[in-house]
Amino acid sequence: MGTLFAESGEIISAVFSNDAWMISQAMRGNGVWLLGFFVTLIGGGAVLAVYRYVPLIDRHLERSVMVWTYLIIGAIIFVEVFRRFILNEQVPWSTTLPPFLFLIMTWFGCSYNVRLRTHLAFNEFRMNLPRSGQMFCLALDALLWLVLCWIVVVTSTKVAANSAANFQILLGTDDVLQWWFLITVPISFILMAARVLENLLEDIGNYRSGAPLIEQAVIGGD
């Protein structure tokens, strides 16, 4: 355990040194998993506090990111298809930027749908369980989601750090770095951890008050 804390400390020191190569090397040890665990939980709790104090962000953050990235992707494709076939010209990054924007849209959308509970949950089966069984399933959901968030936060941050250490450039550009986009993956999963905690607190409150625990979710609902 002492080694894990020491390795975690090395990662923190590397982050404050603002050296991408040092960060990438420090994250090779197992201490990254210990640090990632606390970053996921504390980060999720901090985001949840922001949601509670700023309801506007709670309601519109993920949806705004999803809509704007989708519109930008559509605009790039529309304009560049026109320029390619009509004007016989095209900017080099028009085929490499949209996939990264799609990455952002997808994972922020995943966080949003965790909040809406529109993921596969076999609600028809769960609604026939006693309240204690329903609460157990919801708590298990929260645990599994948090473990997933923890894994993705750690692994995707390592990928972003490695990209930064190797100065990977977005193809078709001269100075746009790929890690600027890749870092949105762990950020979106920290947002997802906040949504998981938000749902869990809501479920605990419903369990104690006697309110229904499981309701049919509607994709795109609110």
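Structure: above.
Conventions we followed
- Residues numbered from 1 in each chain as written.
- Predicted model: local features only at pLDDT ≥ 70, side-chain atom pairs only at ≥ 80, totals over all residues.
- Heavy atoms only, no water.
- Axes fitted to C-alpha atoms, helices over the stretch in contact; angles between N-to-C directions.
- Helix = DSSP H or I, 4+ residues; strand = E, 2+ residues; numbered from the N terminus.
- Parallel < 35°, antiparallel > 145°, perpendicular 65-115°, else oblique.
- Left-handed = near helix turned anticlockwise from the far one by under 90°.
- Contact = heavy atoms within 4.5 Å.
- Nonpolar A, V, L, I, M, F, W, Y, C, P; charged D, E, K, R; others polar.
- Core = buried A, V, L, I, M, F, W, Y, C linked by side-chain atoms within 4.5 Å.
- Buried < 20%, exposed > 50% of the residue type's maximum accessible area, 1.4 Å probe, protein only.

1. A short note on the packing of helix α3 (residues 31-53) against helix α7 (residues 131-165)
Look at α3 against α7: their axes get within 9 Å of each other, and the N-to-C directions meet at 120°. Considering their axes alone, α3 and α7 lie oblique with respect to each other. The handedness of the crossing between α3 and α7 is right-handed. Every residue of α7 that contacts α3 at V32, W33, G36, F37, T40 and L41 is listed here: L146, C149, W150, I151, V153, V154, T155 and K158. When the residues that make up the contact of α3 with α7 are grouped by side-chain class, the tally is ten nonpolar, three polar and one charged.

2. Describing the nonpolar core
Counting 30 residues, the largest nonpolar core has V47, L97, L101, F181, F189, M192 and V196 as the members making the most contacts within it. Contributions of two or more residues to this core are made by α3, α4 (55-86), α5 (97-116), α7, α8 (179-182) and α9 (184-209). The biggest single contributor to this core is α9, with nine residues. When near neighbours in sequence (up to four residues on either side) are disregarded, F189 contacts W107, L148, C149, V152 and V153. Core analysis: the second largest hydrophobic core is formed by eight residues, I11, A26, V32 and V154 among them.

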